[in-house]
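Fold and contact review
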Amino acid sequence: MRMLRLAAAVAALTIIGSPFLAWIAAPIQGGISGASLGAYLGWMIPMVGAIGGAAWWFRQDRVFTLCGVVGTGLCGFFLIHLALGDPLLWSLIDENVQYAGIMNFSRRYLPANMGIEPTFRADLAADTLGDRLGTAVHFTAWGWWAFLSGSLLAVACGLKAGGLNANRWAIVAAVVLFVGEGFMLARGVAAQYEWDAGDRHAARGAHAQAMAKYETALRWDPRIAWNERTQREIGAVYADLRMTTQPVARFYLSDRYAREGRLEAAVSEYLSAAGEASSPLKEIIERRVARIYIDLGLAQHRKGNAGQAIDWWERALAYDSTQIHAAYVLTRVYFDQGRDEQSIAMGRLLLSRSRNRLLNANVEANLGDAYWRLHEFQSARTAYEASMELDSYANFRIFKSLGGT
Amino acid sequence: MTLRDIRPLRLSAAIVLVTGAVMGLFASKAFVGDVPSRYPVAFNAAEWITATDEGPQAYFRKELYVAGAIKQAWIVVAATDSFILYLNGKVVDAEAYGSLNVSGIYDLGPWLHTGKNVLGVVARRSSYPGPAMAAVEGAYRDGAGIEHPFASDLSWRVASTEQRQGSGSILWHAESFDAGAWSSAKTAGPPDPAKIYSLPVPQTAFSMPPQGKWIRSSSIPSERAAYSYDLIMPARPDDAWIRVAAVKPYRLTINGVTIDGGPFDEFQQRRLPGTRIKKRDEDMSTDLYWIGSLLRRGINEIAVSSDRDDAVLAGLFLDGFAVSQGTVFTFGTDSTWAVAWPVDAEISADSTRPAVILMSQGASAESVPAKRIMSPSFPLSYTARLIGMLSLSSLVSAGIIFVLWLGTSKIIAAWAGVGRTEAGRWDAVMHLPVLLILGGAFLLGFDVRFDPGFPFQWKVIMIAAAALLVFKAGLILAARHPRARGREELPRSPSGGNRSLDAAYVAALLVLIAIGATLRLWGLDRQSLYHDEVHMVNFVQGLFDKGYPYKMIGPIERPLATYELVPYPIALSALLFGFNDFALRLPSALFGIMTIPLIYFVGWRIFDRRVGWLAAAVYTFCPQTILWSKYLWHPQQTQFFALLTSYLFYRAIRKDLLSPRYLYLSALSFIVTYLSWEGAGFLLSGLLFGLLAVKRTDSSWIREKHVWGAVGLVGVVVAAQLIRRLLQQVPYMVVGAGLSDVSLPTPFFLDPMYDPWVYLRNFLWLENNAVLTVILICGLLLSVKERGVAYLATLLFSTLFMMTNFIPNSAVRYAYYLQTILILASSGTVMLIMDRVADVGRLIDIRWARVTRATISSATCVMVVLCSSLFLKVYRVNAFSNPSGMHTRSDAYYIDYRAPARYLNSRYREGDQIISVVPNALEYYAKIRTQYFVEHYTTRQVVYDPSESSPRYLERIVGVPVLRNASDLQEVLATRHRTWVLAVPYTLFTLLSGSEVISYLEQQGKVVYESYNARIYLIGE
C-alpha cells in the first residue's frame, strides 16, 4: 500500500510539473510550454494536476483515477488537435524546413562545427493523415510525455487501489473521452479516404468527380487546406477544368513555372495569385514566394554573386519577416562582404527570435567574427564564449576562435 | 465446453488462439503477397575480379567503345562490402554495407555516348579476411537492336591505389586518364548468386527492351492528360513490374489504388565522392514500381495522369511485365490506351478518346529517361483494406484452430480417460511447435540471405499446419494406447540432483568453453592493433619502464588516470609471452573466455542450470562478445567484473537479511570494475534500482550498517580516482574537447545533442541483440514477479537510462559491459516462459507429450542461440543502420595500422620526413618517429607546449608539433627531400586536415599504398 501511495504521489507530481515543461518543441523558436498552449489546455493541465494532488492528499482514489483518465484523454486530444486541427502544425513544418536550410548553409559555408540535433528530421511531411500524426508526435516535447506518463500512472494506481467496480465513473469518462477523440480522428480518416478517392478520379481524368471528392475531403477536414500539396492538387484539377482564373489554379500554374525553372514568371504569377487568394492559400503562397527568393539568393551565392544574393534575401525578409533562414544567411554574407555592423544587427535580431541553442551558437560565433574584425575584442570574446556555452559538443569553430589554434 | 469450463484453461486457450491468429496472418500475407521480393543477381559471363596483390581495395577500369547511337544500356555490379560505380568520370551510384557482398543495377542508357566510354569501379572491403573483389555485367543495345554485352574479366585493368594524372586533376576513372601502366585484373571465378545480396528489382526490369510507345493526348502538345488502359490477365500474377516515364508530378493508379513513392535507397547512402552523373530527385526518370500485389486475374485498370506534355518529356511511356506460373506477359502504351479529354467544369461526365502514338520507340536513346527503382507507398484506404483482411483472416483462422482444439481435446479426454481441462491443456502444448516454426521463419525474413517474403510462403504455412496435425495426431494416438503412457512424473526443473544430468551440464559447458576459446583465440592478432589499443600499449611500456603506467606527450609525463587496472594483465601477458599483438590481446581474450563459465555460474545461481547453459551458449556465439574479446582495451575486463559485481550484489540482497560478506565482496568487485573503466560507475545506480526491485516494500536495508560501509568503501575509491584524475589535468593546457573531459555525470538531457534513443539503437536493437530484447520485454509481464528477472531487467534498463541521460558522449562500447546482463535476463525469461507453458500441460503420463516438450524446449533454445549469434545476418531488423559494422560485427576491420607501417618501414630512408595521424601506432609497428601532425580545426585535442621549446601546438598522443593549414605544410615540406604522409585512419585524416591540405596532397603527392581505411602519400622524389 505504501508503494502504491508513493507511486500515486509520483504520478500527481509529474502531472503538476508537466505544464511547466515544453509541450511542443519548435525547431527554431524552441519549446512551447503547456501553460502557453492556448486557453483550453493552458488552464486544464494544472487544474487536472491540482485536483489529482488534492485527491491524493485526501485519499480519494476514484477522483484520482478520474484525473488520470482526463489527463490521458487530454494527451490524446492534444495530439489529434495538433495533427488535425491546429494551424500551428504548418508553422512548425515551415520552421523545420527553414532549419534544415540553415543547417545545410552552415555545413557548406561555415567553419567546421559538428552540431545538428540527433533527433532532427529534415523529411517531415504532412501530406497524409499518417504523416500529420507522425509529425505531431515528432514535435511533442517532454511535457506531453511527462503528462501522459503521470496520467497513465495515476490510472494504474487508482485502478489498483479501488478496482474496476469502484472506478466505474472513471471508466465511463474514459469511454466518453476516447469515443469523442475517435470521432475527431474519424473526421481525418474520412477526409483522407475522400482525398484518396479524388486522387483515383484525377488519375483517370475524371476531373469533375475528383474535384467533388476533394471538396468533400475539405469539408471533413478543413485543415488540410493548409497543406501546400493539397492546394497544388486542387489547383491542378481546377486547371484541368479550365477554371484558370481561380487563385488556386494560378498557384498550381505558378508552381509549375517554378518547377520548370521559370522563377521570375513563377514569382509574378504567385504574387498576382496571392493578391486574390484568401487564407490559408494566401499564407501558403507568401511562404512559397519567400522561399523562392531565398533559393534565388542561394543560387546567386553559389555562383559567387554575393551582392545579388543579399538583394534576394533582403527581399525575402521584407516579404515575410518570419523567414529566419533569410536572416541567418544574411548575417554571414554581410560579414563576408565586410558589412560587419549590418551582420551584427541581423545577428542580434536572430538571437531575439530564436531559442534553438545550436542555431544561436552559430549566430554568436558569427557575431564574434564580426566583432573581432571591428577590433571589439571583448565583445568578440563574449560572443565566442556564449557560443561555446550554447554548444559545447564538438564546436570546433569555437575551439579555434577561442584557443587561437 | 462452456465458458466456465474454459476459465481454468485461459492460458491454454490463449496459446491456441495466438497460434490460430498467427497462422491466419501468415496465410493472409501469403495470399496478398504484399511483401516485395528480392531477386538473385544472375551473372552469365562475369567473373569476380581482384587486384593482383589481392588487397582490401581495388580500382577497376574498363574502356567501352560504342559505335553509334544506342537504345538502351544497363549494368549490374556486385562487390565485397562496398563499391562506387563511375562512368566517364562521374559517379553513377554506390552501395556499402560491411560484411555483405552488395549489389546494384543501373541504367546507363542516357549517359553512354558514341566513342570511348570509361567504366570505373572501386571495391573496398571493410570486413576481414579476403581481397576486395567486384563482378560487373551489362550490355548496351545499339540502334539496330543488337545487344553488346560486357562483363568483368581479364580485359579489365586494375590498380591497388587511387591514381591521378595531370597534377592531380585527372582521376583514374576519367576518360582522359591513361591506364596503359595498369595491369590486367586477376579473375577469381564466377560469382555465386547465393553469396551476393540480392537485387530489389529483377534484371529484366532494366534489360527488357521497351514494350510500349510514347503516347500523347493529341498530336500537338497540350495541357495535362489522363491515360487509362484495361490490362487483361489470364491468371493472377506471381510477380509484376511497371515502368513509367511521364511529366512529374504524375498520378499512377492500378485497380483504383494510387501508387506514390520515392526513390529506393536501402543503405541510405548520404555522401558520395565526386560529381554525380544524375541528381537523386531527377525531374526526368523512368520509374520502376513493383505492382505484384495489385494485379488480379481478369481486367486490371491502369490509369496515369501526367502533368502538361509540352514539357521536357513528351507524353507518356509505360510498359511492364507480369509473371504467372512461369509465363511472362508484357504490356505497354500504344494507341489502344484511352485519353480523358479535358472538359469544362459545367460538364460532369468526362469523355475519352484513343491516345496518339508520338513516335516509334528507339529513334534515340534519350527518348526513355534513366530508370530508377521506386519505393512505393499506398493510400490509407488500401492499407486499411489490407489490415482488415489480415484481421479477418486471423480471426477466422483462430476460430478454426480453436474449434479444432475443442474437438481434439474432447477425443483425448475420452480416450485417455482424463478430464476435458487436462486434455485441453495437453492439446494446447501441441500448438507450440507451430509458433516456433512460424517464429523461426519470421526471423529468417530479417536475414539478408533470405527473401523478406520467405516467411509468408504457402509451403512454410503448410509445414506449420502439418506439424500441428502430426503433434495432435501423436497425442491422440498416445492417449489411445495405454502402453505409450508412463507413470512417473517428470521433475519440474532439471536442476535437481541427477548425477548423469550434472555430468551432461558440465560436459556441455566444457564444450562451450572450448568453442568460445577457439572463436576468441583464432585469429586474435589477425587485425592490427587499433589506436586505443596502441595507446594502452604505451602505458604498458611505461609500466615496464618506471613501474607505473605512464606515457610521454612531448615533454609532459602523463600517468594513466583512467582504466587504471587495465595495463597490469596486459603487462603480465607481455612478460610471459613477449611483446607482440597476440600476447597483448591475450588477457582480453581470456577475460572473454572466462566470462563463459562465469555467466553459466551466475545464471545457474540466480535461476537454474538451464538458464546458465542457455546464457553461456548465447554468450559464446554472440558477435559482439567475440569482437571485444579481441580488443586489448577495457570493455572485456569491465564486463567480466561488472557481471561478477552484479551477481555478488544479488547474493548479498536476495534474502531477507543482507549478507555482509557478499556486500563487501560486491563492493570490492565494483571497485575493480570502476578502475577498469570509470564509465561503469553508472552500474552503481543500476544496483540501487536492482536492490529496490528485489526488496520492493522492505526498506530495512536502509538501516543496515554494512550497506553504508560498502557504499563508503566504494565512495572513497571513486572520490580518490576522480580527484587524482582532475589533479593530473592541471599541469598543461588543452584546446579542444575529448573523452578526457568526461569525468562526472552531467544533465545531458538538457543538451541539444541529447539523443534519447541512442542505446536503444546501438545496444538493445543492435542486430543480434534485438531478439534478446524482444524476449525480455515480452516476457517481463509474465516474469516480473520472479526476483532474478526483476533484478537483472531493472539493473539493465536503469543503467541504460542513466547512461543515456547523464553521459555527454555515447558509443556502442559504453553499453557493452551490460551485454551479459541482457543475455542473462533474456535467458531467464525464456526458461520462465517455457516453465509456464509446460505448466499448461502438466504432462505426467504421456510419453508423446514429453517428447513434444523436449522438442519445444530444445528448439526454443537453439532458436534463441542462433538468432543472437554470428550465424544469422539479421541486418534488416534495424533497417541496415550499421553500415560499417564497427563494434557490431566480428569480422569488421576498421583501420589497418600494421600493413602501412610495414610498407613504410621497407621504404623509409634516413632523412625522410613523416606526418601521421596516429604517431604512436607507427612507432609501435615500424619504430619510426613522426615529425608532424596535421589538424585544420581542433577536431582532436591539442596541447600548449609547456616547455616552450616549440612554437607550435602539440598533438595529444605523443606530442608532435601540429601543422594547422596548407601553408604550414608547405613550409615543412620545403625542408626535406621526401615526405611520407600516413593518412591512417584515412576518414579521420580527411576530417582533421581540411579540404585545403587534402587538395594540396592530391596535387603534389601520390598515393603509394592503401589498406583498410589507410593511405600513404609520398611527396617528393
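Before going further, it helps to examine the overall build of chain B. The secondary structure content of chain B amounts to 26 helices and 36 strands. Overall size of chain B, expressed as C-alpha extent along the three principal axes, is 100 × 95 × 55 Å. In chain B, buried positions account for 58% of the 1021 residues. Sequence-distant contacts, at least 24 apart, represent 80% of the contacts inside chain B between residues at least 6 apart. Of the accessible surface of chain B, which amounts to about 40,600 Å², a share of 61% is contributed by carbon and sulfur atoms.

Right, let's get into the pattern of salt bridges. Counted under the stated rule, the structure contains 57 salt bridges over all chains. With a shortest N-O distance of 3.0 Å, Arg250(A) and Glu269(A) are connected by a salt bridge. You can see Arg250(A) sitting in helix H11 (residues 247–259) and its partner Glu269(A) sitting in helix H12 (residues 263–276), a full 19 residues away along the chain. Among the residues examined, Arg250(A) registers a relative accessible area of 17% and is labelled buried. Here Glu162(B) ties to Arg164(B) by a salt bridge, and the two come within 3.8 Å at their closest N and O atoms.

So, about the pairing of strand S15 (residues 239–246) of chain B. Residue and element names in this part refer to chain B. When you tally the buried positions in S15, you get eight out of eight residues, the bulk of the element. Pairing of S15 with strand S20 (residues 316–324), which is carried by eight bridges, proceeds in the antiparallel orientation. The residue of S20 that forms the bridge with Arg 243 is Asp 319. Where S15 lies against strand S18 (residues 286–290), four bridges are found, and the strand directions are antiparallel.

A separate point is the interface of chain A and chain B. Taken together, the contact between chain A and chain B spans 50 residues of the former and 53 residues of the latter. Across the chain A-chain B interface, the total number found is four salt bridges. Across the salt bridge formed by Asp199(A) and Arg251(B), the nearest N and O atoms sit 3.3 Å from each other. Remark: the boundary between chain A and chain B carries eight residue pairs in polar contact (both at pLDDT 80 or more).

Residue and element names in this part refer to chain B. Pairing is antiparallel in the open sheet, where three strands are placed in the order S28-S31-S32. Each end of this open sheet is capped by a strand with a single partner; those strands are strand S28 (734–735) and strand S32 (954–955). Pairing of S28 with strand S31 (residues 942–943) involves two bridges; the strand directions are antiparallel. Looking at the pairing, Val 735 lines up with Val 942 of S31.

Glancing now at the nonpolar core. Counting 164 residues, the largest nonpolar core has Tyr791(B), Leu796(B), Met803(B), Tyr817(B), Leu818(B) and Trp980(B) as its most contacted members. Top element by residues in this core is helix H14 (residues 635–653) of chain B. It accounts for 10 residues. Discounting residues that sit within four places of it in the chain, Tyr791(B) has contacts with Ser646(B), Phe649(B), Tyr650(B), Ile653(B), Leu687(B), Gly690(B) and Val694(B). By size, the runner-up hydrophobic cluster in this structure holds 73 residues, among which are Leu110(A), Ile285(A), Ile294(A) and Tyr754(B).

Residue and element names in this part refer to chain B. Under the definition given, this model contains 63 aromatic pairs over all chains. When the centroid spacing of 5.6 Å and the interplanar angle of 70 degrees are considered together, the rings of Phe 177 and Trp 182 count as edge-to-face. The same class applies to Phe 177 as to Trp 182, namely buried. Here Phe 749 and Phe 806 contribute two aromatic rings whose centre-to-centre distance is 5.6 Å and whose plane-to-plane angle is 85 degrees, an arrangement assigned as edge-to-face. With Phe 749 in the loop between S28 and helix H18 (758–764) and Phe 806 in helix H20 (residues 787–806), the pair connects residues that are 57 residues apart, well separated along the chain.

What follows concerns a positive patch on the surface. Where like charges cluster on the molecular surface, the positive patch consists of Lys160(A), Arg696(B), Lys785(B), Arg787(B) and Arg836(B). By the secondary structure assignment, Arg836(B) is in helix H21 (residues 819–840). For Arg836(B), a relative accessible area of 39% corresponds to the partly exposed category.

All right, on to helix H18 (residues 377–390) of chain A then. Residues and elements named next belong to chain A. If you check H18, its first and last C-alpha atoms are 20 Å apart, about what 14 residues at 1.5 Å a residue would give, namely 20 Å. For H18, the full list of buried residues reads Ala 380, Ala 383, Tyr 384 and Ser 387. Buried positions in H18, seen along its axis, are confined to an arc of 100 degrees and lie on one side of it. Away from its buried face by more than 90 degrees, H18 exposes Gln 378 and Glu 389.

This part covers helix H26 (residues 986–1004) of chain B. All names here are of chain B. Spanning 19 residues, H26 covers only 18 Å between terminal C-alpha atoms, well under the ideal 27 Å at 1.5 Å per step. Approximately 110 degrees is the largest bend angle found in H26, and it occurs at Gly 994. Those residues of H26 that fall on the buried side of the exposure criterion are Tyr 986, Phe 989, Leu 992, Ser 993, Gly 994, Val 997, Ile 998, Tyr 1000 and Leu 1001. Packed against the buried residues of H26 are strand S30 (933–934), helix H25 (966–973), strand S34 (979–983), strand S35 (1005–1011) and strand S36 (1014–1019).

Another point: unusual backbone geometry. Here the residue pair Ser279(A) and Pro280(A) is connected by a cis peptide bond, since its omega of 5 degrees sits within 30 degrees of zero. Residue placement: Pro280(A) occurs in the loop between H12 and helix H13 (281–302). Of note, the bond from Lys248(B) into Pro249(B) is cis; its omega dihedral lies within 30 degrees of zero at 0 degrees. Tracing the sequence through the fold places Pro249(B) in the loop between S15 and strand S16 (251–254). Phi at Arg59(A) is positive, roughly 55 degrees, even though this residue is not glycine. Tracing the chain through its elements places Arg59(A) in the loop between helix H3 (44–57) and helix H4 (61–85). Positive phi outside glycine occurs at Ala879(B), with the angle close to 55 degrees.

Strand pairing in a sheet is mediated by backbone hydrogen bonds. Such pairs are either parallel or antiparallel. All names here are of chain B. In spatial order, the strands read S29-S34-S36-S35; together these four strands make up an open sheet with mixed pairing. Two strands lie at the open edges of the sheet, namely strand S29 (913–916) and S35, each paired on one side alone. Neighbour-to-neighbour, the strand axes of the sheet open up by a mean angle of 20 degrees, direction not taken into account. Strand direction decides the pairing type here: S29 and S34, joined by four bridges, are parallel. Paired with Ile 915 across the bridge in S34 is Val 981.

To continue, consider the packing of H14(B) against helix H15 (residues 660–676) of chain B. Residues and elements named next belong to chain B. For the pair H14 and H15, the least separation of the axes is 8 Å and the interaxial angle reads 160 degrees. It follows that H14 is roughly antiparallel to H15 by the angle criterion. Along this stretch, H14 crosses H15, giving a crossing that reads as left-handed. In this structure, H14 uses Gln 637, Thr 638, Phe 641, Ala 642, Leu 644, Thr 645, Leu 648, Phe 649, Arg 651 and Ala 652 to contact H15, whose residues at the interface are Tyr 662, Leu 663, Leu 665, Ser 666, Ser 669, Phe 670, Val 672, Thr 673 and Ser 676. In terms of residue class, the contact of H14 with H15 is made up of 11 nonpolar, seven polar and one charged.

Here we take up the packing of helix H8 (residues 499–521) of chain B against helix H11 (residues 581–606) of chain B. All names here are of chain B. Following both chains from N to C, one finds H8 and H11 inclined at 155 degrees, their axes separated by 10 Å at the closest point. Judged on the interaxial angle alone, H11 and H8 are roughly antiparallel. Crossing of H8 over H11 shows right-handed handedness. For the pair H8 and H11, the contacting residues are Tyr 505, Leu 509, Leu 512, Ile 513, Gly 516, Ala 517, Arg 520 and Leu 521 in the first and Phe 582, Leu 586, Ala 589, Gly 592, Ile 593, Ile 596, Pro 597 and Tyr 600 in the second. Classifying every residue of the contact of H8 with H11 by side-chain character gives 13 nonpolar, two polar and one charged.

Residue and element names in this part refer to chain B. Among the 18 residues of strand S4 (residues 90–107), 16 are classified as buried, and the element is accordingly described as predominantly covered. When strand S3 (residues 70–87) meets S4, the two strands line up antiparallel, connected through 13 bridges. Across the sheet, the residue bridging to Trp 74 is Asp 107, located in S4. Counting the residues in the hairpin turn of S3 and S4 gives two residues, including Asn 88, whose phi is positive at 50 degrees.

Residues and elements named next belong to chain B. Looking at the element boundaries, Ser 152 is found in the loop between strand S7 (147–151) and strand S8 (157–159). Taking C-alpha positions, Ser 152 is 31 Å from Thr 327, a pair spaced 175 residues apart along the chain. When sequence neighbours within four positions are dropped, the list of residues in contact with Ser 152 reads Ala 45, Ala 46, Glu 47, Ile 49, Ala 134, Ala 135 and Val 136. A polar side-chain atom of Ser 152 sits 2.7 Å from the main-chain carbonyl oxygen of Glu 47.

Cut-off values and rules
- Residues numbered from 1 in each chain as written.
- Chains lettered and ligands numbered in written order.
- Predicted model: local features only at pLDDT ≥ 70, side-chain atom pairs only at ≥ 80, totals over all residues.
- Heavy atoms only, no water.
- Helix = DSSP H or I, 4+ residues; strand = E, 2+ residues; numbered from the N terminus.
- Buried < 20%, exposed > 50% of the residue type's maximum accessible area, 1.4 Å probe, protein only.
- Contact = heavy atoms within 4.5 Å.
- Areas by Shrake-Rupley, 256 points an atom, 1.4 Å probe, with all protein chains shown as cover.
- Salt bridge = Lys/Arg side-chain N within 4 Å of Asp/Glu carboxyl O.
- Pairing = 2+ DSSP bridges.
- Polar contact = N/O pair within 3.5 Å; in protein donor to acceptor, adjacent residues only side chain to side chain.
- Core = buried A, V, L, I, M, F, W, Y, C linked by side-chain atoms within 4.5 Å.
- Phe/Tyr/Trp six-rings, centres within 6.5 Å; stacked < 30°, edge-to-face > 60°.
- Patch = residues over 30% accessible without salt bridge, like charges linked within 9 Å, V, L, I, M, F, W, Y side chains within 5 Å.
- Lys, Arg positive; Asp, Glu negative; His and termini not counted.
- Charge placed at Lys NZ, Arg CZ, Asp CG, Glu CD.
- Expected span 1.5 Å × (residues − 1).
- Arc of directions from axis to C-beta.
- Bend = angle between axes of the 7 residues up to and from the residue.
- Axes fitted to C-alpha atoms, helices over the stretch in contact; angles between N-to-C directions.
- Parallel < 35°, antiparallel > 145°, perpendicular 65-115°, else oblique.
- Left-handed = near helix turned anticlockwise from the far one by under 90°.
- Nonpolar A, V, L, I, M, F, W, Y, C, P; charged D, E, K, R; others polar.

Without other data, these values stay purely geometric and don't point to any function.
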